[in-house]
Amino acid sequence: MRLLLGINKQHLLGSLSRGVGWRSLGTGTAQGQKWGCLKGDTIRVGCSSGFWGDSSVSAPQLVQNGNIDYLVSDYLSEITMSLLAAAKRKNPAFGYTPDFIQSMRLVMKEAKARGIKVIANAGGVNLEACVEALRKTAQEQGVDISVAMVAGDDMMDRVNTVRELGVRDLDTGKELPDKVHSMNAYLGAFPIAEALDLGADIVVTGRCVDSALALAPFIHKFGWKRTDYDLLAAGSLAGHLIECGAQATGGVFTDWDKVDGWDDIGFPIVECDSDGEFVVTKPSNTGGLVSTATIAEQLVYEIGDPRSYMLPDVTCDFTNVTLSEVSQGEDCGVKVTGALGKKPSDDYKVSATCSDGYRAISVSPIIGPRAAEKSMKTADAILSRNRKLFKMLGWGDFDATNVHIIGSEKSYGEHRVQNLEPREVTMWIGVKHQKKEALELFTREIAPAGTGMAPGQTTLIGGRPTVSPLLRLFSFLYPKSALPVSINVDGEEKQQTVYTAPAADEIQKETSTSQETDSQLKTGSHEYRLEQLAYLRSGDKGDTSNIGVIARHPNYLPYIKQALTVEVVTDYFKQLLEEDSKVERFELPGIHALNFVLTKALGGGGIASIRIDPQGKGYAQMLADVKVSNLPSLEDF
């Protein structure tokens, strides 16, 4: 099947104004419908949470109107694990995501009545406390549920063993730091599936790969084996597409102005059959948008090499995945096919959070003529005053500082609008230091700028800045054979298993994705912004950002490839890259897309960064303004 990204002249011309006119889901039955384009028996999995802090309306929406069999909730990210570890240090009863308990208060009784199973990685770094809070909620509501807990990801009791192994960080090559606050392996889907096999109504996990939450029901329902690599890759892709919640249903979409109903946006549902074919949809009568474009954007989100997307259960190849819109009545969905799989690694990826001093961030609006200039002078003076005080106290300089005048387009470097003279800006000062006392002094020396420096500083947003521990991500590989995973059901340990990779492998499938551009392209005199030719989505993994670029029409792709070389993208983001950063380009011909991976691009990433965009959320938006020249008129395509 081909990707339907513009199939007639009206579509092509419409893309110039970003108006592609995809159909959103319309009215339908209140309980949703099964998709007749799939083979045999199917199951429906809905995702109600893409992160810790997602909307409270999602779980009731999916349970009441989604006709789902499973409700999954993804709460964990590298940043979240750092925050949960810090919370548990302050109070041993914390360390899980309380949002999950609140969500269950809203839907537990109805989910049980409808036979909907629930899976969530809400356990964070304190599975036992999460399960106890869940049981208390069930008791309060008079609901009889069976709760399973999948444990084994927490490796804090193995820190000394890991240190003795001499592990090195996958990105920096550095040794494990002295102060480790959390250490968790990314587990897979099979232990979750086995918990479902044991009859659990709700399965709570700690750290696992996000896609495993949705893959597990397919393994449980269809009996997929550990060597069914193509099926596991398909199920993992289904999980990847819905794991970020409304990002698959019109959220953060390039053509945001064409998406209605953000206030009641539908959360994603994937319906899958035993052959691994699936449709992505959402509840009827909800806002948002399901189209090949929104699904393609989510496909490229936070991936690296699409030929080798490595997960605990399977190594996936997404290069030749194809998407096609299907309809049922007035509802629209996207059918997804073409994922391939091969043997997974013999190791788990493990992420640890490690102390590296402290950080603080001050944010303050400044108004008036030459606002950017006086903001920079104010920030420089604040830092200079603190350095003098630090020297007097023998504390040493800041480890790092980041002054960013929001509104002056500093992120764009030499690509900023020339002669930009905003009269309203926000002064952002981020600082790092090994001593907490040094940053506490810094927080006290910001307010005096309001009376002793430039005019027009209006307030400190949020009040005096908070000094917080700076936790860096440290990722490494650890043998699966050395890490048992346990399944506890209703307080009783049912089994403990070591999930090593299968011994035998099928024939390896390799996909060639040429980096060549077409030297025989028809040229012309027209120039277009990249956003007129492509959909874009960016994200992060630690200190690495990726930017997916999906052609609005297959015929645009050769021109995009010719314009967006590795060298061009490196130069465009050079102001945000480290000296030893690396930029790579990969291709996904199935969806007519490119994926750029930028290492050491986020100032440390997550809560280790003091930048305004520590997760690369704006990188795709920045790239949208790149000019693609020498094209024929789009009417000629």
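Refer to the structure printed above.
All values derive from a computational prediction rather than experimental measurement.

Student: Describe the layout of surface pockets, naming the residues involved and giving the relevant values.
Tutor: Of the pockets and cavities examined, the second largest pocket occupies roughly 610 Å³. Lining the second largest pocket are 34 residues, with Phe51, Ser77, Glu302, Gln615 and Lys617 sitting closest to its centre. If you list the elements that add at least two residues to the lining of the second largest pocket, you get α3 (78-90), β17 (468-479) and β21 (534-541). At five residues, α3 tops the list of elements feeding residues into the lining of the second largest pocket. When the residues that make up the lining of the second largest pocket are grouped by side-chain class, the tally is 13 nonpolar, eleven polar and ten charged.

Student: Summarise helix α10 (residues 292-300); cite the residues concerned and give the values.
Tutor: Note on helix geometry: an α-helix contains 3.6 residues per turn, so any two residues three or four positions apart are oriented the same way. Counting buried positions along α10 yields nine of nine residues, so the element is predominantly enclosed. Those residues of α10 not exposed but buried are Thr292, Ala293, Thr294, Ile295, Ala296, Glu297, Gln298, Leu299 and Val300. The positive-phi residue at the C-terminal boundary of α10 is glutamate 302, with phi of around 55°.

Student: Give me the lowdown on empty space enclosed by the protein, citing residues and values where you can.
Tutor: In this structure the tally under the stated criterion is six cavities of 30 Å³ or more. Its volume calculated, the largest cavity comes out at about 110 Å³. Together, 13 residues line the largest cavity, and Arg226, Pro312, Asp313, Lys480 and Tyr499 are the ones closest to its centre. When the residues that make up the lining of the largest cavity are grouped by side-chain class, the tally is eight nonpolar, two polar and three charged. Approximately 60 Å³ is the volume attributed to the second largest cavity. Lining the second largest cavity are Glu78, Met81, Ser182, Asn184, Tyr186, Arg207, Ser351, Ala352, Thr353 and Leu473. At the level of elements, α3, β5 (180-185) and β14 (347-367) are the ones that each hand at least two residues to the lining of the second largest cavity. For the lining of the second largest cavity, a count of residues per class yields four nonpolar, four polar and two charged.

Student: Talk me through the side chain of aspartate 201; I want residue IDs and the actual numbers.
Tutor: Note that aspartate 201 resides in the loop between α7 (190-197) and β6 (202-205). For aspartate 201, a relative accessible area of 14% puts it in the buried group. At a separation of 3.4 Å, a polar atom in the side chain of aspartate 201 contacts the side chain of lysine 117. Beyond its immediate sequence surroundings of up to four residues, aspartate 201 is in contact with Lys112, Ile116, Lys117, Val118, Asp144, Ile145 and Ser146.

Student: An account of the environment of proline 217 is requested, with residue identities and associated values reported.
Tutor: Within the secondary structure, proline 217 is located in helix α8 (residues 212-222). Once residues within four sequence positions are removed from consideration, proline 217 is found in contact with Ile43, Val45, Tyr70, Ile119 and Leu196.

Student: Requested: an account of the side chain of serine 211, with residues and values cited.
Tutor: Looking at the element boundaries, serine 211 is found in the loop between β6 and α8. The class of serine 211 is buried, set by a relative accessible area of 2%. Setting aside residues no more than four positions away along its own chain, serine 211 makes contact with Ser236, Gly239, His240, Glu243 and Leu311.

Calculation notes
Residues numbered from 1 in each chain as written. Predicted model: local features only at pLDDT ≥ 70, side-chain atom pairs only at ≥ 80, totals over all residues. Heavy atoms only, no water. 1 Å grid on protein atoms, 1.4 Å probe; cavity = no way out; pocket = protein on both sides within 12 Å on 5 of 7 lines; lining within 4 Å. Points joined across faces, edges and corners; volume = space filled by probe spheres on them. Helix = DSSP H or I, 4+ residues; strand = E, 2+ residues; numbered from the N terminus. Nonpolar A, V, L, I, M, F, W, Y, C, P; charged D, E, K, R; others polar. Buried < 20%, exposed > 50% of the residue type's maximum accessible area, 1.4 Å probe, protein only. Polar contact = N/O pair within 3.5 Å; in protein donor to acceptor, adjacent residues only side chain to side chain. Contact = heavy atoms within 4.5 Å.

No statement about biological role is implied by the geometric values presented.
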